[in-house]
Amino acid sequence: MSNVIELRAVCEYFQSPVNTTSFSKKEGHGPPSFKTQHGGSLNGAATIARHFSKLGKRHNEVSIEDQACIDQWLEYRCSQIDRCGPQGVPVTQVLEELDSFIADKVFFVSDHLTLADLFLYHGLHSIFGKLTFQEKEKYINLSRWFDNVQQDASLRQNLLVLPFSRSSLYTSG
């Protein structure tokens, strides 16, 4: 997904009073940048997303520790998920790590949805869209989280709801 489209989704989800036409990207490559209302410039998808989440009406105050965790997941998204592919990070490695982490949690950072969940969801959508039902079952915890998060239409924006099976279709034997 294009970072600019995704950042518009973050802005809309958090109901940030920001003019999202102020984005730019150098010749279609590199990180997005955003001109603030005070004339400053923000660079990079994670930085801009953090800015939008803090300006929005839906902004939830988080502890310093939770903010550090959110920042770690934003970094993970940029350094691992966005680099998945044949020449980059193996998709299975990322899915296994995330599945293991989310096994005993509802959301990645807190007991409620945060910017980390939104950013991870948007980053994983195209990956999950290519998985079979059997592959989704292999990552049952991550699939549970993904299916739960995608039910929020304001978070999902214009992305398709991906199908998941409610019962186990395959045995691991």
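Scroll up to find the structure this text is about.
Residues numbered from 1 in each chain as written. Predicted model: local features only at pLDDT ≥ 70, side-chain atom pairs only at ≥ 80, totals over all residues. Heavy atoms only, no water.

Novice: Would you take a moment to explain the overall build of the protein for this structure?
Specialist: A tally of helices and strands in the protein yields eight helices and three strands. Secondary structure elements in the protein, listed N-terminal to C-terminal, are α-β-β-β-α-α-α-α-α-α-α. Within the span of the protein, comprising 173 residues, buried residues form 43% of the whole. Partitioning the intrachain contacts of the protein with sequence separation of at least 6 by distance along the chain shows that 64% fall at a separation of at least 24. (Helix = DSSP H or I, 4+ residues; strand = E, 2+ residues; numbered from the N terminus. Buried < 20%, exposed > 50% of the residue type's maximum accessible area, 1.4 Å probe, protein only. Contact = heavy atoms within 4.5 Å.)

Novice: Quick question: what am I supposed to make of the pattern of salt bridges here?
Specialist: Opposite charge on two side chains makes pairing possible when the charged atoms of those side chains draw close. Counting across every chain of the model gives four salt bridges. We note a salt bridge from Glu6 to Arg77, for which the minimum N-O separation is 2.5 Å. On the criterion of sequence distance, the pair formed by Glu6 in helix 1 (residues 3-13) and Arg77 in helix 3 (residues 64-79) is long-range, its members being 71 residues apart. Like Arg77, Glu6 is buried. Here the residues in one salt-bridge network are Glu6, Arg77 and Asp82, joined through shared partners. (Salt bridge = Lys/Arg side-chain N within 4 Å of Asp/Glu carboxyl O.)

Novice: Quick question: what am I supposed to make of the nonpolar core here?
Specialist: Generally speaking, nonpolar side chains in soluble globular proteins are found buried as a group. Counting 46 residues, the largest nonpolar core has Leu98, Phe108, Leu124, Phe128, Leu142 and Trp145 as the members making the most contacts within it. Those elements that provide at least two residues to this core are helix 1, helix 2 (45-55), helix 3, helix 4 (91-102), helix 5 (115-129) and helix 7 (140-150). Of the residues forming this core, the biggest block, nine residues, is contributed by helix 5. If near-sequence neighbours (up to four positions away) are discounted, Trp145 is found in contact with Ile102, Val106, Phe107, Phe108, Asp117, Leu120, Tyr121 and Leu124. (Core = buried A, V, L, I, M, F, W, Y, C linked by side-chain atoms within 4.5 Å.)

Novice: Sorry if this is basic, but what is going on with helix 5 here?
Specialist: Structural remark: α-helix, 3.6 residues per turn; residues separated by three or four positions point the same way. With 15 residues, helix 5 extends 21 Å from end C-alpha to end C-alpha; this agrees with the ideal 21 Å at 1.5 Å per step. When the local axis directions of helix 5 are compared, the greatest deviation, roughly 35°, occurs at Gly123. Counting buried positions along helix 5 yields 13 of 15 residues, so the element is predominantly enclosed. (Expected span 1.5 Å × (residues − 1). Bend = angle between axes of the 7 residues up to and from the residue.)

Novice: Is there a simple way to explain the packing of aromatic side chains in this structure?
Specialist: Pairs of aromatic rings are described using the distance from one ring centre to the other and the angle between the two planes. Taken as a whole and judged by the stated rule, the model has twelve aromatic pairs. On the numbers, 5.1 Å between centres and 90° between planes, the contact of Phe34 with Phe52 is edge-to-face. Highlighted residues: Phe34 in strand 2 (residues 29-35) and Phe52 in helix 2, separated in sequence by 18 residues. Judged by relative accessible area, which is 4%, Phe34 ranks as buried. Residue Phe52 is classed as buried on the basis of its relative accessible area, which comes to 0%. Taken together, the aromatic side chains of Trp73, Tyr76, Phe101, Phe108, Tyr121, Phe128, Trp145, Phe146 and Phe164 make up a single cluster linked through ring pairs. One residue, Arg77, lies across the ring of Phe119, its end atom 4.8 Å from the ring centre. Across from the ring centre of Phe101, 4.3 Å away, lies the NZ or CZ of Lys105, which sits over that ring. (Phe/Tyr/Trp six-rings, centres within 6.5 Å; stacked < 30°, edge-to-face > 60°. Lys NZ or Arg CZ within 6 Å of the ring centre and 35° of its normal.)

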